[in-house]
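# Reading the structure
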Amino acid sequence: RSMVGAVAQPSARDEQSGPQPVSGRIAQAALVFTLGTGYIVVSSGLIAYNKFLIHRERFPFAVALVFLHACFCSCFAFVLYILKPSLFPSLTDEERKVPVDRQLVLKGALPIAIFFSGQ
């Protein structure tokens, strides 16, 4: 099952609740769009600030900065996963679980990583 198929297929829980009204779907789409845009803006701002910060006179430790950032994000995500697993339905919900395999990494994560590295 690919990542796209996992997102497009409704779960049994969705089918039981019945069809969602158009206004509810628009509101949900607007929320997803707003949160996605906010995430991209904040992430781009962090990248721009890191580029500004990494200068010999300001902070010459680029590798340490990136390593600390990656460690903090990983630890924070792990803490969230432990405290509230429902925030990670593709990892915890058996009906919506997406296998993390080579195809997901190559078709899902790698293109995003390439685009972010090109900034």
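Predicted, not measured: the structure shown is a model, and the values here were computed from it. (Residues numbered from 1 in each chain as written. Predicted model: local features only at pLDDT ≥ 70, side-chain atom pairs only at ≥ 80, totals over all residues. Heavy atoms only, no water.)

## A short note on the overall build of the chain
Scanning the chain for helices and strands turns up 6 helices and 0 strands. Mapped in sequence order, the helices and strands of the chain form the string α-α-α-α-α-α. A total of 119 residues make up the chain; the buried ones form 9% of that total. Here the chain has roughly 9,800 Å² of accessible surface; of this, 71% comes from carbon and sulfur atoms. (Helix = DSSP H or I, 4+ residues; strand = E, 2+ residues; numbered from the N terminus. Buried < 20%, exposed > 50% of the residue type's maximum accessible area, 1.4 Å probe, protein only. Areas by Shrake-Rupley, 256 points an atom, 1.4 Å probe, with all protein chains shown as cover.)

## Here we look at the environment of A77
Turning to its location among the elements, A77 is positioned in helix α4 (residues 62-83). Distance from A77 to L87, taken between C-alpha atoms, is 9.9 Å for residues 10 residues apart in sequence.

## Focus on the packing of aromatic side chains
Centre-to-centre distance and the angle between the planes together describe a pair of aromatic rings. Applying the stated criterion across every chain, the model contains 4 aromatic pairs. Taking the centre distance of 5.4 Å and the plane angle of 80 degrees together, the rings of F59 and F61 count as edge-to-face. Residue class for F59 comes out partly exposed when judged on its relative accessible area of 27%. Seen in terms of ring centroids, F72 and F76 are 6.1 Å apart; in terms of plane orientation they differ by 10 degrees. Their pairing is stacked. Placement of both F72 and F76 in helix α4 is noted, with a separation of 4 residues, approximately one turn of the helix. Exposure remark for F76: the relative accessible area of 48% places this residue in the partly exposed category. (Phe/Tyr/Trp six-rings, centres within 6.5 Å; stacked < 30°, edge-to-face > 60°.)

## Digging into the environment of Q20
Locating Q20 in the fold gives a position in the loop between α2 (12-17) and α3 (22-53). The residues contacting Q20, other than those within four sequence positions of it, are R25 and Q28. (Contact = heavy atoms within 4.5 Å.)

## Quick word on the state of the cysteines
Per the stated rule, a full pass over the model turns up 0 disulfides. C71 takes part in no disulfide bond, and the closest cysteine sulfur, belonging to C75, lies 6.2 Å away. Not engaged in a disulfide, the cysteine C73 finds its nearest cysteine sulfur in C75; these two sulfurs lie 9.5 Å apart. (Disulfide = S-S within 2.5 Å.)

## Digging into α3
Here α3 is 32 residues long and its end C-alpha atoms lie 46 Å apart, about the 46 Å a rise of 1.5 Å per residue gives. S43, N50 and L53 are the residues of α3 that are buried. As for α3, its buried residues are in contact with α4 and α6 (102-117). (Expected span 1.5 Å × (residues − 1).)

## Quick look at a nonpolar patch on the surface
Together, F78, V79, Y81, I82, L83, L91, V100 and V105 line one region of the surface with nonpolar side chains, adding up to about 780 Å² of accessible area. With 5 residues, the top contributor of residues to the nonpolar patch is α4. Position of V105 among the secondary structure elements: in helix α6. Since its relative accessible area comes to 42%, V105 is described here as partly exposed. (Patch = residues over 30% accessible without salt bridge, like charges linked within 9 Å, V, L, I, M, F, W, Y side chains within 5 Å. Salt bridge = Lys/Arg side-chain N within 4 Å of Asp/Glu carboxyl O.)

## Let's talk about the confidence of the model for the chain
Chain-level statistics for the chain give a pLDDT mean of 82 and a share of 84% at 70 or above. When pLDDT is averaged over each helix and strand of the chain, the minimum, 46, is found for helix α1 (residues 3-8) and the maximum, 91, for α3. Counting interchain partners and residues more than four positions distant, the pLDDT-below-50 stretch residues 1-8 has 10 contacts. (pLDDT = per-residue confidence, 0-100.)

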